[in-house]
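# Notes for the structure review
So you can see what is in the structure, the chains are spelled out below.
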Amino acid sequence: MSTDKEPAKAQKGGRNHAGAKELAGYYSSGKRVQEYICVTVASSLLVFNAYHIILNFDVENWKWHFAAAILAIVVSDFASGLVHWLSDSYGSVDMPVFGKAFIRPFREHHIDPTAVCRHDFIEVNGDNFMLTVPYFSYMAYKFISHTPAEIQTFVVFESFMLTLGFFVMLTNQIHKWSHTYFGLPRWVTLLQDLNLILPRKHHRIHHVVPHETYFCITTGWLDYPLEKLGFWPAMEAIILRLTGIKPRTDDMHWCKKEEIR
Ligand SMILES: [Zn+2]
Ligand SMILES: [Zn+2]
């Protein structure tokens, strides 16, 4: 059903939760400027690099480009899980600069999961766009500094990297759609129903406290296999053994703040 509400388990907090209000208040104008710059620069680089890949596209290599695209989507799903798991499980909002800029949205999202639906395109996607800027800049440099013959030797690899970056850029938008129960365009719900992007039912599993599984949020294809492999608990056991740091103590601290009226 596309019109039902999020389950009770996914709504432990909400916008009246004391922690959610405090975290939302930490969204600063400086952070907003950073997001604007990242969205503008990353989008320009995406278009520039896509143009050069199309320009150097050899139809005989379409199978390699197709395989590269599928692999890129799988890798982006894994990367989304890795970054999400690290940010949910470690670090704290109190860390200098980084905490309020990059950890804060993850904590806010667990106690007010639908806040993301009230955020605009810049706030939702700014940080993911930022991640692509270093490599997209290097790719642009490669395209302008090599001959067409030289470009043929690496264009399939760059096709892989561009698709990977594109899905990294889209990940939080896809995640926002997985929390949106009203007014989604038909093409988005179709992609969700086909599981070409993260489906709504699938992502609910992550939102059950203590938020310890189903971290992949691009397509979610890797969530079930990683869960069966016990991948995340194994990683957490290694970190606990090496550093003595337990996962998600900061997340629990924010979740336990009381609701205010
Ligand atoms: Zn999470
Ligand atoms: Zn979510």
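Per an unreviewed UniProt entry, the protein chain is named Lipid desaturase domain-containing protein, and its organism is Patiria miniata. Of the comments in the UniProt record for the protein chain, the one headed Subcellular location (unreviewed entry) reads "Membrane".

## So, the packing of helix α6 (residues 121–145) against helix α8 (residues 155–178)
Close contact between α6 and α8 brings their axes to 8 Å; oriented N to C, the two are set at 175 degrees. Comparing the axis directions of α6 and α8 gives the class roughly antiparallel. Across from F121, V124, N125, N128, F129, L131, T132, Y135, F136, M139, K142 and F143 in α6, the residues of α8 making contact are F157, E158, M161, L162, G165, F166, V168, M169, T171, N172, Q173 and K176.

## As for the UniProt feature "transmembrane region" (unreviewed entry) in the protein chain
Residues annotated by UniProt as "transmembrane region" (unreviewed entry) correspond here to residues 33–54, 66–86 and 151–170. Helix makes up 100% of residues 66–86 and strand 0%, and the two end C-alpha atoms of the span are 30 Å apart. What you have in residues 151–170 is 90% helix and 0% strand, and the ends, taken at the C-alpha atoms, are 27 Å apart.

## Some thoughts on the layout of surface pockets
In this structure, the largest pocket occupies an estimated 920 Å³ of space. Considering the residues around the largest pocket, the lining is formed by 43 residues, among which V83, F106, D127, N128 and L131 are closest to the centre. Going through the elements one at a time, α2 (29–55), α3 (62–89), α4 (98–111), α5 (115–118), α6 and α8 are the ones with two or more residues in the lining of the largest pocket. Examining the composition of the lining of the largest pocket, we find that nine residues originate from one element, α6, more than from any other. Here the residues of the lining of the largest pocket are counted per class, giving 22 nonpolar, 14 polar and seven charged.

About the thresholds
Residues numbered from 1 in each chain as written. Chains lettered and ligands numbered in written order. Predicted model: local features only at pLDDT ≥ 70, side-chain atom pairs only at ≥ 80, totals over all residues. Heavy atoms only, no water. UniProt positions renumbered as here; feature names shortened; annotations may be inferred. Axes fitted to C-alpha atoms, helices over the stretch in contact; angles between N-to-C directions. Helix = DSSP H or I, 4+ residues; strand = E, 2+ residues; numbered from the N terminus. Parallel < 35°, antiparallel > 145°, perpendicular 65-115°, else oblique. Contact = heavy atoms within 4.5 Å. 1 Å grid on protein atoms, 1.4 Å probe; cavity = no way out; pocket = protein on both sides within 12 Å on 5 of 7 lines; lining within 4 Å. Points joined across faces, edges and corners; volume = space filled by probe spheres on them. Nonpolar A, V, L, I, M, F, W, Y, C, P; charged D, E, K, R; others polar.

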